[in-house]
Amino acid sequence: MKKFLFISLAALCLVLAGCKHEPVYDDNCHLKVSWSDGVTDYLEIGTTISAANQFPDTMLVGKGNQIVGVRVAFETYGTVRSAEIFITNDLEGNALYTQTFEPKGYGLEYVKLNTPFPVKKNGDKLYVGYKVKTSSSGSGYLGYYQGKKQNQMANYVFYGDKWRNLTDILNTTDYPITKKFYSVVEVYINGGDYSKYPQYDLQIHDVDCGRFLQVGADNRIKGLITNSGVRTATDGFTITYKDNNNQNQTITVEEQLENGQTAEFEFPNMTPSEAKEIEFTLTAQPVNASNSTSNNVAVDKQVFYGNYIFPRTLLFEEFTEQSCVWCPFGAAGLHESIEGNEDKVAVLCHHTGYQGSDNLTITESNINNGVGWLDHAGAPMSTLDRRIIAGWTGSTEVVFNPMGATKNLINKQLAIPAIVKVDLNTTYNEASRELTVDVSGEFAVDLPNARLNVWLVQDSIIAPQSSPATSAGVIITWEQYKTGNYSVQRAVTKQDYVHNHVPRYSFTGAWGAEISNSVGTFSKQYTYVIPESIKGIKKTAFDCVPKNMYIVAFVADYVDTNDRRNILYSEVRNAAFKYIME
């Protein structure tokens, strides 16, 4: 697996004036000392990452005498096992203060210190940061976008075996900058004025609704709201629902919401009267927030209202490469996660890793230099139905590492009914090698962006593959990797590696073919004479073995604009697969 450190400039924000000058502990009146750095890295399974921001005493002294809270921001993607806030004057020494907390994994989170930490003018420079340990069965990213980048200051990350100042390692070969992402550590001190800055940060999360509903059925929309700011929402808050069908509704939750507290909310039942797709937005606002400094939070969801729904087959796509050392583990994680559901999950392994392509890459898999069509560089990577999946992918990405996939992830997605039916039949003439593919189906609702995608795929292709190995050249096994009982010293090439789920031909192009995508049925037929061998984009030919080949067909959205032509906007509605010589 290729690692990347995403680095951005720091943002410093000092808020002074107007409040009580004496050091009075007051949750509603804090000095905010904050700056954002780009401390983020790919989290390997079972690893620990620490990040710290440096606050010179010139920032802290005279603004109050106690640090009363720390706010951090990172997305955990459901993989964090433990998290800890720490304060120290020596990154290499013992911490002066530590406190564990349970990260929620969405946006800014305020951690109120159990014991306020004294600020003293003694020439020390305090470091405030966090330590996060990932679980042994998952992987994910740290990082959260918050605010604008401004002036850079010292920022530190514990990476490898020591603390490193990121200012000294920008653009080095060990830390290639591929994408700007933000991580945030904010310090709150008693005293100071907050009036010019957002005092509330209401985060709506864990929204639950009837994603697939029969016409006439009740839909209950509920979720959680957390006050991640430092000012208490004393008079409660309102949440407004608005959808693309001009429906609006506002509810008031008359509950005081203090720093870090979470409350439940629920909208009354809303009954759909016709079959259609609804997109809605939820917006939060504290009651009586006269200074208009609240940070409103919107959450977009889709609800499909239909007259009937269908069983689902998932599309699991992996992005891999022959030179990728960790990709064999990605394939192992993929197969382990679908065990027991092999007949319900179609698999495509596009050979388009961080190097762009290899000998098994075909043109249709190589859109925008492979994984670039995900706007993400790395391998192994994967998508499941090209959907943003809560707890697994970020708020704007559809990718995750297949090594962290689980059976629970697969089962949850299979439990979501489909609004498109896909049936697949094949006929193969061994004498002429002619293959006929018939795809038919039905739409329960209108999906104007939907297209049909049909691929020919092959298993059991023998070709070289890089793998992690010991110093003696012994290849590390998947079981050793999962238990942590290994030590990778170098990469070796396994000449007889078995590559499965390799795309060999696309009947419909990379983005699919237009079909009748309104309520009702559709059908398409394709023919193809399977050649003795197929060459990839690097002109390397591999034999075609029909008994090892199968068809994958799926219906996915496609939006063709300059900024939306990628699979982030290409959700797979349903899929089917069938071996051609069953």
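Structure's up top.
Residues numbered from 1 in each chain as written. Predicted model: local features only at pLDDT ≥ 70, side-chain atom pairs only at ≥ 80, totals over all residues. Heavy atoms only, no water.

## Looking at the packing of aromatic side chains
At step 1: By the definition in use, this model includes 19 aromatic pairs.
At step 2: Linked through ring pairs, W326, F329, W478, Y481 and Y486 together constitute an aromatic cluster. (Phe/Tyr/Trp six-rings, centres within 6.5 Å; stacked < 30°, edge-to-face > 60°.)

## So, unusual backbone geometry
At step 1: With a phi close to 60 degrees, D385 is a non-glycine residue in the positive phi region.
At step 2: Examined against the element boundaries, D385 turns out to sit in the loop between strand 24 (381–384) and helix 4 (407–414).
At step 3: We classify D385 as buried; its relative accessible area is 2%. (Helix = DSSP H or I, 4+ residues; strand = E, 2+ residues; numbered from the N terminus. Buried < 20%, exposed > 50% of the residue type's maximum accessible area, 1.4 Å probe, protein only.)

## Observations regarding helix 3 (residues 327–338)
At step 1: Between its first and last C-alpha atoms helix 3 spans 17 Å; for 12 residues at 1.5 Å apiece the expected length is 16 Å, and the two agree.
At step 2: Where burial is concerned, most of helix 3 is hidden: 9 out of the 12 residues are buried.
At step 3: Considered for burial, the residues of helix 3 that qualify are C327, P328, F329, G330, A331, G333, L334, S337 and I338.
At step 4: Within two residues after helix 3, G340 carries a phi angle of roughly 95 degrees, on the positive side. (Expected span 1.5 Å × (residues − 1).)

## A look at the state of the cysteines
At step 1: Considering all chains together, one arrives at 1 disulfide under this definition.
At step 2: Sulfur-sulfur distance for the disulfide between C324 and C327 comes to 2.4 Å. One disulfide, between C324 and C327, carries an S-S torsion of 90 degrees and so falls in the right-handed class.
At step 3: Residue class for C327 comes out buried when judged on its relative accessible area of 2%.
At step 4: Unpaired in this structure, C349 has its nearest cysteine sulfur neighbour in C327, at a distance of 9.4 Å. (Disulfide = S-S within 2.5 Å.)

## As for the sheet that holds strand 19 (residues 262–266)
At step 1: Read from one edge to the other, the open sheet built from 3 strands follows the order 14-16-19, with strand pairing classed as antiparallel. Two strands bound the open sheet, and with one partner strand each, they are strand 14 (202–208) and strand 19. Going across the sheet, the axis of each strand differs from the next one's by a mean of 25 degrees, ignoring polarity. (Pairing = 2+ DSSP bridges. Axes fitted to C-alpha atoms, helices over the stretch in contact; angles between N-to-C directions.)

## Thoughts on the pattern of salt bridges
At step 1: For the structure shown, the criterion picks out 14 salt bridges.
At step 2: Note that E514 and R451 form a salt bridge whose closest N and O atoms lie 3.8 Å from each other. In this pair, E514 sits in strand 33 (residues 513–514) while R451 sits in strand 27 (residues 450–458), placing the two residues 63 residues apart along the sequence.
At step 3: On the basis of relative accessible area, E514 is assigned to the exposed category, the value being 60%.
At step 4: For E479, the salt bridge identified is with K482, shortest N-O distance 3.2 Å. Of this pair, E479 and K482 both sit in helix 5 (residues 478–483), 3 residues apart, roughly one helical turn.
At step 5: Under the relative-accessibility criterion, E479 is labelled partly exposed at 48%. (Salt bridge = Lys/Arg side-chain N within 4 Å of Asp/Glu carboxyl O.)

Worth remembering: the numbers are spatial, not functional.
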